[in-house]
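What follows is each chain in one-letter form.
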Amino acid sequence: MRAQLGRKKESNYKMIKIKDLHASIDGKEVLKGLSLEIPKGEVHAIMGPNGSGKSTLSYVLSGKEGYEITSGSISFDGHDVTNMMPEERAALGMFLAFQYPVEIPGVTTINFLRTAINSLRKARGEEEMDAISFLKLQKARTAELGVTMDMLKRGLNVGFSGGEKKRNEVLQLVMLEPRFAVLDETDSGLDIDALKVVSKGINSLRSAERSFLVITHYQRLLDYIKPDVVHVLADGVIQKTGGAELALELEKHGYAEFEKNQSNGAVA
Amino acid sequence: MMVAEAQINNNTINLLEGWEEGLDKAPEWVQSFRKKAADDVMKTGLPTPAWEDWKYTNLRNLESVTLCEASSLHVVPNISSPFIDLKPIIVQLFNGSFVGEMPDLPDGLMIAPINEVWTNDWFKGFVSSLSIDTPMEALNSAFLNDGIVIKVSENTKIAEPLLLLSTYENSKDMLSVMPRIVIILENNAELNIVEHQSGIGSYVCNQATSINLGEKSKLGHYILQDNDRTQGYLFNTTKLNCYDDAVYDGFSLNHGAKLSRHEIFADLLGERIECIINGAYNLISTQHHDTTIKTGHFSPNSISKQIYKGVINHEASAVFQGRICVHNDAQGTDGHQLNRTLLLSEKAEFNAKPELKIYADDVKCSHGVTSGDLNDEELFYLRSRGIPEIEAKQILTKAFVAEVIEGIKDSVVRDIFLSISIEEGTK
Ligand SMILES: Nc1ncnc2c1ncn2[C@@H]1O[C@H](COP(=O)(O)OP(=O)(O)OP(=O)(O)O)[C@@H](O)[C@H]1O
Ligand SMILES: [Mg+2]
């Protein structure tokens, strides 16, 4: 059931290794022994019913407080990150595009981006990016994504439409250039044109050095961002793994098959 | 530096010490004004927590103030101010008195020491007409002598801002500083004032600010209070009288003292006034800061707004008391008050008393008080992008305060306030 059916790539180096992860929040176990490996350079998709634990996985991967990891481990590029702070994981090159990005009044998007870039550089022992290079980078990236100057000068995500918030997440992705990115329902809230633009942005980052975990409910996104592997997450574990065709199957039949597992799948 | 213990056993009497000095040189009306004020203080004494408006601020510690032998007394300290960037007209005040050189003043702007103008009818008329509502005001009035008057003539718009660099310091020979600042804008006059206040060492300062805004006049009044944070006692009472169509845009950023209280009485006497009294404070250590604002709407169709944001750290404590009183005639009043407090430590303390008293029926009024710590989701968002926790907290704290700074009408002044460290001030 948890076999790796992913298409073989040249490199088989595992960027992400999640082993038997059990995680609870407020006393409720949400991840119930989840295991997942993502080789370097691959794009994996996770699909699954509402409430199955997809966002929880994304939070646990990025080190959000409030989740108790009762057993299991997460390693990224050879580092055990299970107990690392969010900023340490970011410095290693991990990134999460949030399903529901928060609004932060009083912090402009542009200042936030600059602070983030320079924090990462500092943590990696690199020099700060000077204002001119930053401006150049920001101009190029915002143009690609159709993010306006007005949005950049406004409070972070404040008053942004649902789609604008998602674009802003992808803007951060392309500016921070992580080596592993989790995209949690980045497609939801995007109109058809925006979906194309955003997918193009994400695809531009695809490389043999970078891995992605794309969480989505819809095949549509996967038409643009072709996954190497698709997983089904239900009831806190990976219930099925397959190629890109698995997404099409799920689109047709839904998750009924796994709901059954869900009621049987007793907690270990 | 030598330190002299000045034990003030009976704080009222001690703070009044020396009030008669120079009395005989003052004009007749000032003499009786001061005598009456001193009398009032003797009668009531200083406020105690048993008084309704002083429940949360206790002056008991004033009894054991340790004052330094002030070595630099009468030497004007060179305080650097970020507001120099405004290319302002600069006036330096030391313990409320004018020091240094008087700058060239544009036509229509008058700045003078109080004791040079107090024989004028307009001065007497305004100051003697002010009600004295608190012992701190009475105490200040008993000493009426030090301080300055700023007056803008009718139909005059002063383009350059006025920067008051104000320093307080006192010694064992001088137990308290009682400066008075009088600001008078005649009809249709306009002025922006920035007060950069710095207290040095263990001082006791009890300032009174009296403001009169004529019809259609506009005053921007911005205060950066940047004292030595843990030793001084700072009291500031502001009386604001506004007439038809006047605009008051007030903002203060307070870094507090050992104990400080800013009490503001805003009387909206005319119609269609816009009166904004906003502020922010950041407290550390065991600082205590009290903001008490009483707004009175006496005529129809005026707007009053107060937004205060507080950041309280360590074992510091803050008080916010706000009263909006809408009198019978004040139909169409728009009165709003909001106080939001960020508690950055478990031992930080905050007390609020919002009050609405409404005697007219066609009014829009609201008040709100919130307090809490930083938002975890916001903190996580920043950290997930690589910003370390301490820095992320600073960013969010600054953002929290920035929201109220953004409201400053003058964009250059606003940008300077935004650049000032919320934690450190200009230090
Ligand atoms: N603070 C919490 N306390 C208790 N239960 C929680 C808490 N936060 C999340 N949960 C529960 O954890 C489960 C997993 O939630 P999660 O957000 O990971 O689902 P999801 O798979 O991302 O769903 P969706 O497809 O709707 O985004 C849900 O049943 C949710 O109600
Ligand atoms: Mg989710």
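Quick caveat: nothing in here was measured; it's all calculated off a predicted structure. (Residues numbered from 1 in each chain as written. Chains lettered and ligands numbered in written order. Predicted model: local features only at pLDDT ≥ 70, side-chain atom pairs only at ≥ 80, totals over all residues. Heavy atoms only, no water.)

Participant: I'm lost on the overall build of chain B in this one. Help?
Facilitator: The number of helices and strands found in chain B is 8 helices and 21 strands. What you see for chain B is a C-alpha radius of gyration of 21 Å, in line with the 22 Å of a compact globule of 427 residues. Put simply, chain B has 427 residues, and 58% of those count as buried. In chain B, once contacts between residues fewer than 6 apart in sequence are set aside, the share between residues at least 24 apart is 86%. If you sum the accessible surface of chain B, you get close to 16700 Å²; carbon and sulfur atoms cover 46% of it. Positive and negative charge centroids in chain B, built from 36 and 59 side chains respectively, lie 3 Å apart. (Helix = DSSP H or I, 4+ residues; strand = E, 2+ residues; numbered from the N terminus. Rg over C-alpha atoms; globule rule 2.2 N^0.38 Å. Buried < 20%, exposed > 50% of the residue type's maximum accessible area, 1.4 Å probe, protein only. Contact = heavy atoms within 4.5 Å. Areas by Shrake-Rupley, 256 points an atom, 1.4 Å probe, with all protein chains shown as cover. Lys, Arg positive; Asp, Glu negative; His and termini not counted. Charge placed at Lys NZ, Arg CZ, Asp CG, Glu CD.)

Participant: I keep staring at the interface of chain B and chain A and nothing clicks. Help me out?
Facilitator: As a measure of interface size, the accessible area lost when the parts come together is often cited. Taken together, the contact between chain B and chain A spans 17 residues of the former and 30 residues of the latter. Together chain B and chain A conceal approximately 2000 Å² of surface at their shared face, both sides included; 65% is due to carbon and sulfur atoms. Of all residues in chain B, the largest losses of buried area upon contact with chain A belong to Phe380(B), Tyr381(B) and Arg385(B), amounting jointly to 41% of the total for that side. There are 4 salt bridges connecting chain B and chain A. (Buried area = accessible area lost by both parts, 1.4 Å probe. Salt bridge = Lys/Arg side-chain N within 4 Å of Asp/Glu carboxyl O.)

Participant: Quick question: what am I supposed to make of helix α5 (residues 135-142) of chain B here?
Facilitator: Given 3.6 residues per turn, any residue in an α-helix points the same way as the ones three and four places further on. Burial within α5(B) is extensive, with 8 of its 8 residues counted as buried. What α5(B) keeps buried is the set Pro135(B), Met136(B), Glu137(B), Ala138(B), Leu139(B), Asn140(B), Ser141(B) and Ala142(B).

Participant: I would appreciate a short explanation of the pairing of strand β19 (residues 334-343) of chain B in the present structure.
Facilitator: Residue and element names in this part refer to chain B. When strand β17 (residues 303-312) meets β19, the two strands line up parallel, connected through 10 bridges. Bridged to Ile-312 within β19 is Leu-343. As defined by bridge partners, β19 adjoins strand β21 (residues 364-372) across 9 bridges and the pair is classed as parallel. When the bridges of β21 are listed, His-336 appears paired with Ser-366. (Pairing = 2+ DSSP bridges.)

Participant: How should helix α4 (residues 121-129) of chain B be read in this particular structure?
Facilitator: Residue and element names in this part refer to chain B. Those residues of α4 lying buried are Phe-123, Phe-126 and Val-127. Buried residues of α4, seen end-on, are gathered within an arc of 90° and therefore sit on one face of the element. Along α4, exposed side chains directed more than 90 degrees from the buried face belong to Asp-121 and Ser-129. Elements that come into contact with the buried residues of α4 comprise α2 (28-44), α3 (114-117), β6 (147-152), β8 (180-185), β10 (204-213) and β12 (233-242). (Arc of directions from axis to C-beta.)

Participant: I'm lost on the pairing of strand β4 (residues 67-76) of chain A in this one. Help?
Facilitator: Looking along a regular strand, one sees side chains alternate from face to face of the sheet. All names here are of chain A. Where strand β1 (residues 14-25) and β4 come together, 8 bridges link them in antiparallel fashion. Paired with Lys-17 across the strands is Ser-75, a residue of β4. Strand direction decides the pairing type here: β4 and strand β5 (residues 79-80), joined by 2 bridges, are antiparallel. Bridge pairing in β5 links Phe-76 to His-79.

Participant: Could you clarify how one ought to interpret the nonpolar core in this entry?
Facilitator: General note: in soluble globular proteins, nonpolar side chains tend to be found buried as a group. Within the largest apolar cluster, 111 residues are counted, with the highest numbers of intra-cluster contacts made by Leu57(A), Phe83(B) and Phe417(B). At 8 residues, the largest contribution of residues to this core is made by helix α7 (residues 389-405) of chain B. Those residues in contact with Phe83(B) that sit more than four places away from it in its chain are Pro88(B), Leu163(B), Val194(B), His196(B), Leu224(B), Val413(B), Ile416(B), Phe417(B) and Ile420(B). Ile148(B), Ala246(B), Ala316(B) and Ala318(B) belong to the second-largest nonpolar core, a separate cluster that totals 40 residues. (Core = buried A, V, L, I, M, F, W, Y, C linked by side-chain atoms within 4.5 Å.)

Participant: Mind showing me how you'd approach the coordination of the magnesium ion (ligand 2) here?
Facilitator: When a metal holds four donors in a tetrahedron, each ideal angle between them is 109.5 degrees; when it holds six in an octahedron, the ideal angles are 90 or 180 degrees. Residue and element names in this part refer to chain A. The magnesium ion (ligand 2) binds to the protein through Ser-55 (OG) and Gln-99 (OE1); the donor distances cover 2.0 to 2.1 Å. Placement of the pair is Ser-55 in helix α1 (residues 54-62) and Gln-99 in the loop between β6 (94-97) and β7 (104-108), with a sequence separation of 44 residues. In this structure Ser-55 comes out as buried when scored by relative accessible area, which is 18%. (Donors = N, O, S within 2.8 Å, 3.2 Å for Na, K, Ca; no water.)

Participant: Sorry if this is basic, but what is going on with the packing of aromatic side chains here?
Facilitator: Centre distance and the angle of the planes are the two values used to describe a pair of aromatic rings. Inspection of the entire model under this criterion finds 14 aromatic pairs over all chains. Judged by centre distance (6.3 Å) and plane angle (45°), the ring pair of Tyr59(A) and Phe98(A) falls under tilted. Of this pair, Tyr59(A) sits in helix α1 while Phe98(A) sits in the loop between β6 and β7, and the two are 39 residues apart along the sequence. Between Tyr59(A) and Phe380(B), the aromatic rings sit 6.1 Å apart at their centres with planes inclined by 80°, giving edge-to-face as the arrangement. (Phe/Tyr/Trp six-rings, centres within 6.5 Å; stacked < 30°, edge-to-face > 60°.)

Participant: Would you mind going over the sheet that holds strand β12 (residues 237-242) of chain A with me for this structure?
Facilitator: Paired through backbone hydrogen bonds, the strands of a sheet run either parallel or antiparallel to each other. Residues and elements named next belong to chain A. The strand order β6-β9-β10-β3-β11-β12 describes an open sheet built from 6 strands, whose pairing is mixed. The strands lining the two open edges of the sheet, one partner per strand, are β6 and β12. Along the sheet, successive strands turn relative to each other by an average axial angle of 20°, direction set aside. Set on the sheet, helix α6 (residues 162-176) makes contact with β6, β9 (180-184) and β10 (211-215); between it and β6 the angle comes to about 165°. (Axes fitted to C-alpha atoms, helices over the stretch in contact; angles between N-to-C directions.)

Participant: Please clarify how the site of ligand 1 should be interpreted in this entry.
Facilitator: Residue and element names in this part refer to chain A. Lining the immediate environment of ligand 1, one finds 15 residues, of which Gly-51, Lys-54, Ser-55, Thr-56 and His-217 sit closest. Separating an oxygen atom of ligand 1 from a side-chain N or O atom of Thr-56 is a distance of 2.5 Å. The contact in question runs from an oxygen atom of ligand 1 to an N or O atom on the side chain of Gln-99, over 3.1 Å. Burial of ligand 1 by the surrounding chains reaches 67%, relative to a free accessible area of 640 Å². Taken together, the elements giving at least two residues each to the shell around ligand 1 come down to β2 (28-39) and α1. With 3 residues, the single largest contributor to the shell around ligand 1 is α1. (Near = heavy atom within 4 Å. Polar contact = N/O pair within 3.5 Å; in protein donor to acceptor, adjacent residues only side chain to side chain.)

Participant: Before we go on, may I ask you to explain the sheet that holds β10(B) in this structure?
Facilitator: All names here are of chain B. With respect to topology, 9 strands assemble into an open sheet ordered β5-β6-β8-β10-β12-β14-β16-β18-β20, the strand pairing being mixed. Each having just a single partner strand, β5 (109-113) and β20 (349-358) make up the two edges of the open sheet. Here the strands of the sheet are splayed against their neighbours by 5° on average, with no regard to which way each runs. Relative to β10, β8 runs parallel, the two being bridged by 6 bridges. Following the sheet pairing, Leu-185 is matched in β10 by Leu-213. With respect to the sheet, α4 is in contact with β5, β6, β8, β10 and β12, its orientation differing from that of β8 by roughly 110°.

Participant: Explanation requested: unusual backbone geometry in the structure shown.
Facilitator: In terms of backbone geometry, most residues other than glycine have negative phi values and most peptide bonds are trans. All names here are of chain B. Even without being glycine, Lys-216 reaches a positive phi, approximately 60°. Mapped onto the elements, Lys-216 comes out in the loop between β10 and β11 (218-225). Its identity as a non-glycine residue notwithstanding, Arg-272 has a phi of 55°, on the positive side. Structurally, Arg-272 can be placed in the loop between β14 (259-268) and β15 (274-283).

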